[in-house]
Amino acid sequence: MSFGPMDTVRIAVVGAGVMGLSTAVCISNMVPGCSITVISDKFTPETTSDVAAGMLIPPTYPDTPIQKQKQWFKDTFDHLFAIVNSAEAEDAGVIMVSGWQIFRSIPTEEVPYWADVVLGFRKMTKDELKKFPQHVFGHAFTTLKCEGPAYLPWLQKRVKGSRGLILTQRIEDLWELHPSFDIVVNCSGLGSRQLAGDSKIFPVRGQVLKVQAPWVKHFIRDSSGLTYIYPGVSNVTLGGTRQKGDWNLSPDAEISKEILSRCCALEPSLRGAYDLREKVGLRPSRPGVRLEKELLAQGSRRLPVVHHYGHGSGGIAMHWGTALEATRLVNECVQVLRTPAPKSKL
Amino acid sequence: MMRVVVIGAGVIGLSTALCIHERYRSVLQSLEVMVYADRFTPLTTTDVAAGLWQPYLSEPSNPQEANWNQQTFNYLLSLIGSPNAANMGLALVSGYNLFREAVPDPYWKDIVLGFRKLTVRELDMFPDYSYGWFNTSLILEGRKYLQWLTERLTERGVKFFLRKVESFQEVAREGADVIINCTGVWAGALQPDPLLQPGRGQIIKVDAPWLKHFIITHDPERGIYKSPYIIPGLQATTLGGIFQLGNWSETNNIPDHNTIWEGCCRLEPTLKDAKIIGEWSGFRPVRPQVRLEREQLCFGSSNTEVIHNYGHGGFGLTIHWGCAQEAAKLFGKILEERNLLRIPPSHL
């Protein structure tokens, strides 16, 4: 297969959560001469990204160098910070919110790697800690919240604006995309267990309550990551759970009661919360994000794939940074396609 | 029978009534407290206020006012952890004070929580400003709080009367032993006070639930409250920036609306998507110092005690509880002087 320099490279992005859509936008911005089609069986508001609270408080991936994670987080923060300071903020579902991350015991690492990426990071004062009698240490900072139900449609608009196509279809096998597409970007999250035969990816079930409590203006996060209160544009997310290997998408009423109780312990005014809605999302968890190229081969058929999935609880927090990196990998694939191959190899 | 009449049903009147009833009901043989006002919530000046706890930047000429501000903050902060906080109109809120040049820290910097200067990246969000503060403070929404105070007072048997009081004498003649004068900007109608003036404000309330921080700008050349401010409340967000000394016009006007709208949209461009809920004007009861003192008035053969508690400018909610406590103290002195205390209150 030879590509002239003017030939359009046809790219399929599998998955329409935050990874698929943001990668599609990055590719359309940065890689010339491509056509992009986003293919997914689920779209907003039915993706995992729609359930996520979208707080920019990043996790730590054990298998990834800290510098790299910091770069991903910084790229994402900078991208969303530019949006939040523009008139588009409300359309894109990005807001600024201040609050506290609280610890029951003094952490070994008092200042996390991302402290200078968020705004105004400092340790909590004694007076601030009085609000949380069970906790002895805390961080105070201002960060961003990026809400799937607004952000994903905003990204979709940008994909269509760059003449990208959006297709509803369930892909059972990546080879289905051959030969209609030249490069596949795999952003299928947990779907990669099947689509990429990746046994390293597993769900970490998260149940949350989205409630009305508009008087809550600050986020509160217990450092364990199990209990959190995240005020958003039109509701407050109360969480949560981290149930490894649990694929169950139905909410559990007992768990909801328990989440509410843990959150009320941190913020008693939540007893007045109303209009409680239960949601469940399965975090696509992996020891590290899979960001790499793979050349699928079957007989004489070749299909370049860029994998971009496995962000666990850090999807929204890292999405733009990893999308930029995935785009660089896509660009490399495009360069290879456009480089005339020696005839003997064909 | 001790008959107390509180004139005025804004935050000062109702909180003073509550403070007095809480402290002295149990130590008096009988205590009757009545509230007379020609305006009740939602028509009081308190209802127009955004409700952010924040004193003026410069130290007050009466140092007691600084103490009253602090007492109020600490009192409200102690209620933050209660499940009732939102019903009272009370919530924690953080935000920005913005300046065009470096200024000294305010005297209240250790009263609020987490006070610090703004970082460069934070200031980048506000291109018209080059210096500022970040801190966590409290919102006490006037309307909700007055409703809550009214409930607490009603539970205690305090009675409310819609009437326009024309003179202290009229109230004294009806048998009031002590009159608490919380008439705010209209105090001059009961007793001329050349130091008291209206500081007219106009505000726009919008629905902008994505805004979680207050943003208050300062322009020292123009003066306090004459520069745009955005204050999120428990449900709606207040936009303001008007302060007109001596203006008694209670109607909203278009030039002020435009000043507020343009100033606030410049500060926060997303406001263009905000739905306007309503617009109101009110008169801050401006005075060089709060008038919080006793006065004995002679009507015929009897003496009537008056406790004045008015002139709280643009910081009524900020200072109210400290003043209510002080007024209660003055009331206690009256009781002592008249040998009315059954049990000497230990904490006076």
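Residues numbered from 1 in each chain as written. Chains lettered and ligands numbered in written order. Predicted model: local features only at pLDDT ≥ 70, side-chain atom pairs only at ≥ 80, totals over all residues. Heavy atoms only, no water.

1. A few points about the overall build of chain A
Moving on, step 1. Across its full length, chain A carries 9 helices and 15 strands.
Moving on, step 2. Against the compact-globule benchmark of 20 Å for 346 residues, chain A has a radius of gyration of 21 Å, which places it among compact chains.
Moving on, step 3. Counting only C-alpha atoms and orienting by the principal axes, one finds that chain A spans roughly 75 × 40 × 40 Å.
Moving on, step 4. Residues counted as buried form 58% of the 346 residues belonging to chain A.
Moving on, step 5. Contacts spanning at least 24 positions in sequence make up 76% of the contacts within chain A whose residues lie at least 6 apart.
Moving on, step 6. Of the accessible surface of chain A, which amounts to about 14,700 Å², a share of 53% is contributed by carbon and sulfur atoms.
Moving on, step 7. Of note, chain A has its 40 positive side-chain charges centred 2 Å away from the centre of its 33 negative side-chain charges. (Helix = DSSP H or I, 4+ residues; strand = E, 2+ residues; numbered from the N terminus. Rg over C-alpha atoms; globule rule 2.2 N^0.38 Å. Buried < 20%, exposed > 50% of the residue type's maximum accessible area, 1.4 Å probe, protein only. Contact = heavy atoms within 4.5 Å. Areas by Shrake-Rupley, 256 points an atom, 1.4 Å probe, with all protein chains shown as cover. Lys, Arg positive; Asp, Glu negative; His and termini not counted. Charge placed at Lys NZ, Arg CZ, Asp CG, Glu CD.)

2. Overview of the nonpolar core
Moving on, step 1. Counting residues in hydrophobic clusters, the biggest one holds 102 residues, and the most contacted among them are Tyr24(B), Tyr145(B) and Phe331(B).
Moving on, step 2. Considering every element that reaches this core, the biggest residue donor is helix 9 (residues 316-337) of chain B, with 11 residues.
Moving on, step 3. Core analysis: the next-biggest nonpolar cluster, separate from the first, contains 96 residues, Ile83(A), Leu119(A), Val208(A) and Val233(A) among them. (Core = buried A, V, L, I, M, F, W, Y, C linked by side-chain atoms within 4.5 Å.)

3. Description of the interface of chain A and chain B
Moving on, step 1. Listed per partner, the contact involves 34 residues of chain A and 31 residues of chain B.
Moving on, step 2. Here chain A and chain B share an interface that buries about 2,800 Å² over both sides, 59% of which is from carbon and sulfur atoms.
Moving on, step 3. Taken together, the links from chain A to chain B amount to 0 salt bridges.
Moving on, step 4. At the boundary of chain A with chain B, the tally comes to 9 residue pairs in polar contact (both at pLDDT 80 or more).
Moving on, step 5. Those elements giving two or more residues to the side of chain A that touches chain B turn out to be helix 3 (66-84), helix 4 (89-92), strand 3 (94-103), strand 4 (119-123) and helix 5 (126-129) of chain A.
Moving on, step 6. Counting residues per element, the side of chain A that touches chain B draws most heavily on strand 3 of chain A, which supplies 5 residues. (Buried area = accessible area lost by both parts, 1.4 Å probe. Salt bridge = Lys/Arg side-chain N within 4 Å of Asp/Glu carboxyl O. Polar contact = N/O pair within 3.5 Å; in protein donor to acceptor, adjacent residues only side chain to side chain.)

4. Thoughts on empty space enclosed by the protein
Moving on, step 1. Within the structure shown, the criterion is met by 3 cavities of 30 Å³ or more.
Moving on, step 2. Empty space within the largest cavity amounts to approximately 130 Å³.
Moving on, step 3. Lys131(A), Trp215(A), Glu267(A), Ala91(B) and Leu92(B) are, among the 14 residues lining the largest cavity, the residues nearest its centre.
Moving on, step 4. Of all the secondary-structure elements, those providing two or more residues to the lining of the largest cavity are strand 9 (218-222) of chain A together with strand 3 (90-99) of chain B.
Moving on, step 5. Class assignment for the residues of the lining of the largest cavity results in 9 nonpolar, 2 polar and 3 charged.
Moving on, step 6. In this structure, the second largest cavity occupies an estimated 70 Å³ of space.
Moving on, step 7. Considering the residues around the second largest cavity, the lining is formed by 13 residues, among which Gly99(A), Arg122(A), Ala140(A), Phe141(A) and Phe134(B) are closest to the centre.
Moving on, step 8. When contributions to the lining of the second largest cavity are tallied by element, the ones reaching two or more residues are strand 3, strand 4 and strand 5 (137-146) of chain A together with strand 5 (131-140) of chain B. (1 Å grid on protein atoms, 1.4 Å probe; cavity = no way out; pocket = protein on both sides within 12 Å on 5 of 7 lines; lining within 4 Å. Points joined across faces, edges and corners; volume = space filled by probe spheres on them. Nonpolar A, V, L, I, M, F, W, Y, C, P; charged D, E, K, R; others polar.)

5. Some words on the UniProt feature "domain: FAD dependent oxidoreductase" (unreviewed entry) in chain A
Moving on, step 1. Feature annotation in UniProt places "domain: FAD dependent oxidoreductase" (unreviewed entry) on residues 10-328 of chain A, given in this structure's numbering.
Moving on, step 2. Helix makes up 28% of residues 10-328 of chain A and strand 32%, whereas the separation of the span's terminal C-alpha atoms amounts to 16 Å. (UniProt positions renumbered as here; feature names shortened; annotations may be inferred.)

6. Digging into the side chain of Ser49(A)
Moving on, step 1. Relative to the helices and strands, Ser49(A) resides in helix 2 (residues 48-51).
Moving on, step 2. Among the polar contacts listed, one links the side chain of Ser49(A) to the backbone nitrogen of Val18(A), at a separation of 2.9 Å.

7. Section: the sheet that holds strand 6 (residues 165-168) of chain A
Residues and elements named next belong to chain A.
Moving on, step 1. Spatially, 6 strands are ordered 6-2-1-7-15-14 in an open sheet, and the strand pairing comes out mixed. Looking at strand neighbours, the two that pair on one side only are strand 6 and strand 14 (290-298), the edges of this open sheet. Going across the sheet, the axis of each strand differs from the next one's by a mean of 25 degrees, ignoring polarity.
Moving on, step 2. Where helix 9 (residues 315-338) meets the sheet, its contacts fall on strand 1 (9-14), strand 2 (34-40), strand 7 (183-186), strand 14 and strand 15 (301-309), and the angle it forms with strand 15 comes to roughly 165 degrees. (Pairing = 2+ DSSP bridges. Axes fitted to C-alpha atoms, helices over the stretch in contact; angles between N-to-C directions.)

8. Overview of the environment of Leu296(A)
Residue and element names in this part refer to chain A.
Moving on, step 1. Within the secondary structure, Leu-296 is located in strand 14.
Moving on, step 2. Residue Leu-296 is classed as buried on the basis of its relative accessible area, which comes to 15%.
Moving on, step 3. Taking C-alpha positions, Leu-296 is 38 Å from Pro-251, a pair spaced 45 residues apart along the chain.
Moving on, step 4. With residues near it in sequence (within four places) discarded, Leu-296 still touches Leu-174, Trp-175, Arg-301, Arg-302, Leu-303 and Val-305.

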